[in-house]
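In case you want the letters, here they are:
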Amino acid sequence: MGERLGRLAVHDFDEVGVPEGADRQWRNRMTEVWLRRALEYQARGVDLLLTGQSPLGEVLASPSAPLLDGIAICLIDVSDEARRRRLTKRDADRWDAAAVDAFLGWAAWHRKHAQDPRYRPDAIIDGSWPRMAWHRWTSWPADDRRWCTHLLDTSDQTVAASVSQVEQWVTEQRDALRTDSLPLSRGWPDRTTAPADHDS
């Protein structure tokens, strides 16, 4: 994907290694590590596409988030049924029923968080890294234009089709940044914005 789009570095959040007992504070600190890396790429004119499980609220609360020229979030999702099926096929006998249910619960939270910053913020704020700046967004209503997560449902799609949609999304976000219409462009913490159109 990076080769086709050009000047795009693609990384997975967990490629730095996940220690045993990794908790919320570890994820917060690693999100900041990745944002610092994004700043290094930014200085070289390269965009970072980071795959992982960092929700919009965690990214925006990270210390370095306001230093980025732009931030865009895409939630690549599947139905609960498809998630169960994929976990069973990919990781047979690795996860028991309780672990699978936990995956489904976390996915459900992500969907609701993507739509409304007021939905259960405690799920990421309680017990978090002290350097996180949650105040940047916790007062935003759901229709704040800056609260923008693109939803991509891959339940019935091939990998190739999903990759194509992600590439299209990256292109659209780059165009939005270039035309100064990206909701989370530099200066977003202090900006007041019009209500979002979540159907667009």
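Our subject is the structure listed above.
Overview of the structure. (Residues numbered from 1 in each chain as written. Predicted model: local features only at pLDDT ≥ 70, side-chain atom pairs only at ≥ 80, totals over all residues. Heavy atoms only, no water.)

**Re the overall build of the protein chain**
Stage number 1. Assigned secondary structure in the protein chain consists of seven helices and four strands.
Stage number 2. In the protein chain, the succession of α and β elements from N to C terminus is α-β-α-β-α-β-α-α-α-β-α.
Stage number 3. For 200 residues, the compact-globule estimate of 2.2 N^0.38 gives 16 Å, and the protein chain sits close to it at 17 Å.
Stage number 4. Across its three principal axes, the protein chain shows a C-alpha extent of roughly 45 × 40 × 35 Å. (Helix = DSSP H or I, 4+ residues; strand = E, 2+ residues; numbered from the N terminus. Rg over C-alpha atoms; globule rule 2.2 N^0.38 Å.)

**Some points on the nonpolar core**
Stage number 1. Core analysis: the largest hydrophobic core is formed by 22 residues, its most contacted members being Leu60, Ile71, Trp137, Trp140, Leu184 and Trp188.
Stage number 2. Those elements that provide at least two residues to this core are helix H2 (24–43), helix H3 (56–61) and helix H6 (122–125).
Stage number 3. The element contributing the most residues to this core is H3, with four residues.
Stage number 4. In contact with leucine 184, other than residues within four places in its own chain, are Leu56, Leu60, Asp69, Gly70, Ile71, Trp140 and Arg146.
Stage number 5. Of all hydrophobic cores here, the second largest spans six residues; its members include Leu49, Leu152, Trp169 and Val170. (Core = buried A, V, L, I, M, F, W, Y, C linked by side-chain atoms within 4.5 Å. Buried < 20%, exposed > 50% of the residue type's maximum accessible area, 1.4 Å probe, protein only. Contact = heavy atoms within 4.5 Å.)

**A closer look at the pairing of strand S3 (residues 73–77)**
Stage number 1. Side-chain alternation along S3 places Ile73, Leu75 and Asp77 on a buried face and Cys74 and Ile76 on a face that remains uncovered.
Stage number 2. Bridge analysis of S3 against strand S4 (residues 149–153) gives five bridges, and the strand direction is parallel. When the bridges of S4 are listed, isoleucine 73 appears paired with threonine 149. (Pairing = 2+ DSSP bridges.)

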